[in-house]
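# Summary of the model geometry
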Amino acid sequence: MADPWESTMDHAVAIARKAGEVVRDALRGDRMVTTKSSAVDLVTQTDQKVEQLIIQSVKEKFPTHRFIGEESVAAGESCILSDSPTWIIDPIDGTTNFVHAFPFVAVCIGFAVNKQVRVHISTNLLTYGISRGQAGF
């Protein structure tokens, strides 16, 4: 039986690799930092750039899909998980580490349909690996 989410997973892996490259490059340079809800809730221009990169890439391939992005929600967009195909994005998981140039960060992308996670991708920028999988429930 063919995997109904194979093209979605393949796209998520490809865009996670591109996003990981952006984060790795940014680790070598200056990082512009601001705060969100408190002094310890950090966001960088790279967080925002990576989230937009992921969203734009997905919109090109899957124009009807919805998004829940950490930085978009922090900026005031709604956070609604519906039955519609929805991408859930944490562009830099470990922003505090990123701000201090510690490479212990990840790009995390999830994909849910009918409120159930179908695909998840998590990069590991330290070892430059990607874990990918599908929900088992």
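Residues numbered from 1 in each chain as written. Predicted model: local features only at pLDDT ≥ 70, side-chain atom pairs only at ≥ 80, totals over all residues. Heavy atoms only, no water.

Regarding its fold elements, the chain presents four helices and seven strands. Mapped in sequence order, the helices and strands of the chain form the string α-β-β-α-β-α-β-α-β-β-β. In the chain, buried positions account for 39% of the 137 residues. Taken as a whole, the chain presents about 7,600 Å² of accessible surface, with 52% of it coming from carbon and sulfur. (Helix = DSSP H or I, 4+ residues; strand = E, 2+ residues; numbered from the N terminus. Buried < 20%, exposed > 50% of the residue type's maximum accessible area, 1.4 Å probe, protein only. Areas by Shrake-Rupley, 256 points an atom, 1.4 Å probe, with all protein chains shown as cover.)

Under the feature "binding site: Mg(2+) 1" (unreviewed entry), the UniProt entry names Glu70 and Ile92. A maximum C-alpha distance of 9.3 Å places the annotated residues, which cover 23 residues in sequence, within one compact spot. Of note, Glu70 is situated in helix α3 (residues 70–74). With near-sequence residues (within four places) excluded, Glu70 lies in contact with Lys36, Glu51, Ile89, Asp90 and Pro91. (UniProt positions renumbered as here; feature names shortened; annotations may be inferred. Contact = heavy atoms within 4.5 Å.)

Attention now moves to helix α1 (residues 6–27). Each turn of an α-helix holds 3.6 residues, which means side chains three or four residues apart point in the same direction. When the terminal C-alpha atoms of α1 are compared, their 31 Å separation across 22 residues agrees well with the 32 Å that a helix rising 1.5 Å per residue should span. Buried residues of α1: Thr8, Met9, His11, Ala12, Val13, Ile15, Ala16, Ala19, Gly20, Val23, Ala26 and Leu27, and no others. (Expected span 1.5 Å × (residues − 1).)

What characterises a pair of aromatic rings is the spacing of the ring centres plus the angle enclosed by the ring planes. Inspection of the entire model under this criterion finds three aromatic pairs. The interplanar angle of 55° and the centroid separation of 5.0 Å between the aromatic rings of Trp87 and Phe111 together place this pair among those described as tilted. Residue Trp87 is located in strand β4 (residues 86–93), and its partner Phe111 is located in strand β5 (residues 106–113); the two are separated by 24 residues in the primary sequence. Neither Trp87 nor Phe111 differs from the other in exposure class; each is buried. Three or more aromatic residues joined by ring pairs make a cluster, and in this case those are Trp5, Phe62, Trp87 and Phe111. (Phe/Tyr/Trp six-rings, centres within 6.5 Å; stacked < 30°, edge-to-face > 60°.)

Inspection of the sheet shows β5 paired to strand β6 (residues 116–124) by six bridges, in the antiparallel sense. Its bridge partner being in β6, Gly110 is matched across the sheet by His120. Counting the residues that bridge the hairpin from β5 to β6 gives two residues, and of these Asn114 lies at a positive phi of roughly 55°. (Pairing = 2+ DSSP bridges.)

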